[in-house]
Amino acid sequence: MPRTARDVVFVDGARTPFGKSGKGLYAETRADDLVVRVIRELMRRNPGLPPERIDEVAIAATTQIGDQGLTIGRSAAILAGLPKSVPGYAIDRMCAGALTAVTTAGAGIAFGAYDVVIAGGVEHMGRHPMGEGVDPNPRFLTEKLVDPSALVMGNTAENLHDRYPGITKERADAYAVRSQEKVAKAYADGKIQPDLVEVLVRSAEQGYGLATKDEPPRPGTDMKTLAGLKTPFRAHGNVTPGNAAGLNDGATGAILAAEETAAELGLDARMRLVDFSFAGVEPEVMGVGPVPATEKLLARQGMGMDNIGLIEINEAFAVQVLAFLEHFGIADDDARVNPWGGAIALGHPLASSGVRLMMQLARQFAERPDVRYGITTMCVGMGMGGTVLWENTNYEGGK
């Protein structure tokens, strides 16, 4: 029987506060327990969704060992108390893990294989540092398939500065300051808190407590402070801990549904999945990945960047965002871009970040019925980029 694609909607999202790796919020908290907390919160917030109606749980993790292993989508679903009839799986596309969980599971909804899914990601970089257990094939270097700098993300950011000489350290620092300022304002205005779920944590020093807000933001950061930071990836370089995302722990999750199923169950349809695209670039300049991914998507839709009213781009490094903006002729301080700040301030627990972008976009759509389309986009290690196009279900006319 021939199938026709169904409309897919973003129903709801939740995330843990993001913590600093090492001795941060989640030093003694398991990664899978962070996912469990998110799944349970999504179910609590959406009582009209019968647990048995969930068709799949897709959870991403970059380092799939230890408490991020054991097919974490399935194991977290069981631990969260979902019926054992609900299947689950793990997925990996490095930083774009959660983004890929959404596009993969969303495609299953469009095809008709699923009605409702939970998709998200987790990264506990304190327990599992980037690259833990990895054994890169020596052919990468012996056959010169990639430049050696491709294996160190900070080096790829320095390479991007070389490719875009107009993006100076001062320009990157200025962008980072704005990200911190926007996050501080968003917190003051109550924009971030609705997506957060409190997490019970403990430490040997302080005993039990609650994680209620993101740990990485550094309000009050200024240009003078950033100017004095070291450049660990290159002597006299441009990339510092101040103009890059840190090493973080956290989990995200979202409910996606067929639009007709959302209507049947009385679930919100906060934004509609229109299209998505992935593209590859030279691994040594992986940060430029969002450019071809976005170009590919816009070309397929017959759209231009002037059709996009909101842009949520992951801030792995300031230079990566600025390269994207420069390519598309967008000003560094364009109001469409990360209105509530980004990963430089909030943190970037690798595989979880894609859904954070989506949650913030969905809330911005709710406040902006004049905006019809927005994108979530991010660069990906080993030379990739991914972009998702969303339509505002609250659109009332305008851009």
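- Going by the annotation in an unreviewed UniProt entry, the name recorded for the protein chain is Acetyl-CoA acyltransferase, with Nocardiopsis algeriensis given as the source organism.
- Recorded in UniProt under Sequence similarities (unreviewed entry), the annotation for the protein chain is "Belongs to the thiolase-like superfamily. Thiolase family."

## Details of the environment of Ser-353
Alright, step 1. Here Ser-353 is to be found in helix 12 (residues 353–367).
Alright, step 2. By relative accessible area, Ser-353 is classed as buried at 0%.
Alright, step 3. When the C-alpha positions of Ser-353 and Val-134 are compared, they lie 21 Å apart, and in sequence the two are 219 residues distant.
Alright, step 4. Of note is the side chain of Ser-353, whose polar atom sits 2.6 Å from the side chain of His-348.

## Section: a nonpolar patch on the surface
Alright, step 1. Taken together, the side chains of Leu-141, Leu-151, Val-152 and Phe-233 make up a nonpolar region of the molecular surface, amounting to roughly 300 Å² of accessible area.
Alright, step 2. Turning to its location among the elements, Leu-151 is positioned in the loop between helix 4 (139–142) and helix 5 (153–163).

## Points about the packing of helix 1 (residues 31–45) against helix 2 (residues 72–79)
The relative placement of two packed helices comes down to the angle between their axes together with the axis-to-axis distance.
Alright, step 1. At their nearest, the axes of helix 1 and helix 2 sit 9 Å apart, and the two run at 60° to each other. The angle between helix 1 and helix 2 falls in the class oblique. When you trace helix 1 past helix 2, the crossing you get is right-handed. Two secondary-structure elements touch here, helix 1 through Asp-32, Val-35, Val-36, Ile-39 and Arg-40 and helix 2 through Ile-72, Ala-76, Ala-77 and Leu-79.

## Digging into the side chain of Asn-248
Alright, step 1. Tracing the sequence through the fold places Asn-248 in strand 8 (residues 248–258).
Alright, step 2. On the basis of relative accessibility, which here comes to 2%, the residue Asn-248 falls in the buried class.
Alright, step 3. Not counting residues within four places of it along the chain, the set of residues in contact with Asn-248 comprises Gly-19, Lys-20, Ser-21, Glu-123, Met-125, Pro-216, Gly-347, His-348 and Pro-349.

## Let's talk about the UniProt feature "active site" (unreviewed entry) in the protein chain
Alright, step 1. Under the UniProt annotation, "active site" (unreviewed entry) lies at Cys-95, His-348 and Cys-379. A stretch of 285 residues holds the annotated residues, and the largest C-alpha distance among them is 12.0 Å, short enough that they meet in one place.
Alright, step 2. Within the secondary structure, Cys-95 sits in the loop between strand 4 (88–91) and helix 3 (97–111).
Alright, step 3. When its relative accessible area of 11% is taken as the criterion, Cys-95 is described as buried.
Alright, step 4. If sequence neighbours within four positions are ignored, Cys-95 has contacts with Thr-62, His-348, Leu-350, Ala-351, Met-378, Cys-379 and Val-380.
Alright, step 5. Of note, His-348 is situated in the loop between helix 11 (343–346) and helix 12.
Alright, step 6. Discounting residues that sit within four places of it in the chain, His-348 has contacts with Cys-95, Met-125, Ala-245, Gly-246, Asn-248, Asn-314, Ala-316, Ala-343, Ser-353 and Met-378.

## Describing the pattern of salt bridges
Alright, step 1. Evaluation of the coordinates by the stated rule reveals 26 salt bridges.
Alright, step 2. Linking Arg-372 and Glu-391 is a salt bridge whose minimum nitrogen-to-oxygen distance equals 2.9 Å. Residue Arg-372 is located in the loop between helix 12 and strand 11 (373–380), and its partner Glu-391 is located in strand 12 (residues 384–392); the two are separated by 19 residues in the primary sequence.
Alright, step 3. A residue is classified by how much of its surface remains accessible, and Arg-372, at 31% relative accessible area, is partly exposed.
Alright, step 4. Look at Glu-391 and you get buried, because its relative accessible area is 13%.
Alright, step 5. Where salt bridges share partners, they join Arg-37, Glu-41, Arg-44 and Arg-45 into one cluster.

## Concerning the packing of helix 6 (residues 169–188) against helix 10 (residues 318–327)
Alright, step 1. Two numbers describe how helix 6 lies on helix 10: the axes approach to 9 Å, and their chain directions differ by 100°. Judged on the interaxial angle alone, helix 10 and helix 6 are roughly perpendicular. Contacts between helix 6 and helix 10 pair Arg-171, Ala-172 and Tyr-175 from the former with Ala-318, Val-321, Leu-322 and Glu-326 from the latter.
Alright, step 2. For the contact of helix 6 with helix 10, the class distribution of residues is five nonpolar, no polar and two charged.

## Here's the deal with the nonpolar core
Alright, step 1. Core analysis: the biggest nonpolar cluster contains 41 residues, and Met-305, Ile-308, Ile-311, Phe-317 and Phe-324 have the highest contact counts within it.
Alright, step 2. Only helix 5, helix 6, helix 9 (290–301), strand 10 (310–313), helix 10 and strand 11 provide two or more residues apiece to this core.
Alright, step 3. It is helix 10 that provides the largest number of residues to this core, a total of seven residues.
Alright, step 4. Filtering out sequence-adjacent residues up to four positions away, Met-305 remains in contact with Thr-294, Leu-298, Ile-311, Phe-324, Phe-328, Ile-330 and Arg-336.
Alright, step 5. Formed by 40 residues, the second largest nonpolar core is a distinct cluster that contains Ile-91, Ala-98, Ile-109 and Val-371.

Each value, and the rule that gives it
Within each chain, residues carry numbers counting from 1 in the order of the written sequence. Reporting of local features is limited, given that this is a predicted model, to residues whose pLDDT is at least 70; pairs of side-chain atoms are given and counted only at 80 or more, and all residues count toward the totals for whole chains, interfaces and linings. Note that the side-chain values use all heavy atoms of the structure and ignore hydrogens as well as water. UniProt positions are given in the numbering used here, feature names are shortened, and annotations may be inferred rather than shown by experiment. Under the DSSP-based scheme used, a helix requires at least four consecutive residues in state H or I and a strand at least two consecutive residues in state E, with every element numbered from the N terminus. The buried label goes to any residue with under 20% of its type's maximum accessible area, the exposed label to any with over 50%, and the partly exposed label to all in between, with areas taken from a 1.4 Å probe on protein chains only. Contacts described as polar in this section are N or O atom pairs within 3.5 Å, which, within protein, must combine one atom able to donate a hydrogen with one able to accept it, while residues neighboring in sequence count only if both atoms come from side chains. For patches, a residue must show more than 30% relative accessible area and have no salt bridge; joins then use 9 Å for like charges and 5 Å for nonpolar side chains, namely Val, Leu, Ile, Met, Phe, Trp and Tyr. For every accessible area listed, the method is Shrake-Rupley and the probe measures 1.4 Å; residues are considered covered only by the protein chains on display. In the sections that follow, a salt bridge refers to a side-chain nitrogen of Lys or Arg positioned within 4 Å of a carboxyl oxygen of Asp or Glu. The convention used is that axes are lines fitted to C-alpha atoms, helices contributing only their stretch in contact, and that angles between N-to-C directions extend from 0 to 180 degrees. Reported orientations rely on four angle classes, namely roughly parallel under 35 degrees, roughly antiparallel over 145, roughly perpendicular from 65 to 115, and oblique for the rest. Throughout, a crossing is termed right-handed when the near helix is turned clockwise from the far one, and left-handed when it is turned anticlockwise from it by less than a right angle. Residue contacts are counted whenever heavy atoms from the two residues lie within 4.5 Å of one another. For this classification, Asp, Glu, Lys and Arg are treated as charged, while Ala, Val, Leu, Ile, Met, Phe, Trp, Tyr, Cys and Pro are nonpolar and the rest, including Gly, are polar. Buried Ala, Val, Leu, Ile, Met, Phe, Trp, Tyr and Cys residues that are joined via side-chain atoms within 4.5 Å together make up what is termed a nonpolar core.

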